[in-house]
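Per-entry structural report
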Amino acid sequence: MDEALAAYRAMFEDWIAVSATSDYQNPRLTEHVSGRALSLLYQSVYLDKQHGLVVKGRPVLVPSVTALGPEPDPSRATIVDCADDTNWLDYRLDGQLQDDTPGGRHFVQALALRTDSTWKIDQLVIKDRGTC
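So, a few notes on the structure that sits alongside this text. Since the structure is predicted, the reported quantities are computational estimates derived from the model, not experimental observations. (Residues numbered from 1 in each chain as written. Predicted model: local features only at pLDDT ≥ 70, side-chain atom pairs only at ≥ 80, totals over all residues. Heavy atoms only, no water.)

**Details of helix α2 (residues 35-50)**
Here α2 contains 16 residues, and its C-alpha end-to-end distance of 23 Å stays within 8% of the 22 Å for a straight helix at 1.5 Å per residue. Among the residues of α2, those classed as buried are A37, L41, V45 and D48. Along α2, the residues classed as buried sweep out an arc of 60° about the axis, all on the same side. For α2, the secondary structure elements touched by its buried residues are α1 (2-19), β1 (53-57), β4 (88-92) and β6 (118-129). Directly beyond the C-terminal end of α2, a positive phi value near 70° is found at G52. (Helix = DSSP H or I, 4+ residues; strand = E, 2+ residues; numbered from the N terminus. Expected span 1.5 Å × (residues − 1). Buried < 20%, exposed > 50% of the residue type's maximum accessible area, 1.4 Å probe, protein only. Arc of directions from axis to C-beta. Contact = heavy atoms within 4.5 Å.)

In structure tokens form, the structure reads like this:
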């Protein structure tokens, strides 16, 4: 369970770092994420790059594992979070905020998968602001 949560937190740390430069080709994105979750992060950073944006700050995370299996050697974990991106916002390259829309709290659900001894986030759903 701790390893799955560590992968979730590491995925966000990677996303924060890469979003600060909008370098969608940075291999760091693949270190703790795979599958559909990787596509989501890649697309997010790519679109920021296309729109001349970077993301500054950091979200506040409070994840927990709600399901773990199969026993006796779990390789799947469902993680839920109420991520607060109030202080993780889009900025134009001139340093100005992209818009005056505040961040907020988003319900997040992730699926972590273990292959051999490595946990990665494979699926990631982030709901709209105000969903938790």
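So, next bit.
**Details of the packing of aromatic side chains**
For the structure shown, the criterion picks out seven aromatic pairs. Look at Y8 and F12: their rings are 5.2 Å apart centre to centre, the planes differ by 65°, and that puts the pair in the edge-to-face class. In this pair, Y8 and F12 are both assigned in helix α1, four residues apart and thus about one turn of the helix distant. For Y8, a relative accessible area of 0% puts it in the buried group. An angle of 90° between the planes, with centres 5.2 Å apart, marks the rings of W15 and W88 as edge-to-face. With W15 in helix α1 and W88 in strand β4, this pair connects stretches of sequence that are 73 residues apart. We note that W15, like W88, is buried. (Phe/Tyr/Trp six-rings, centres within 6.5 Å; stacked < 30°, edge-to-face > 60°.)

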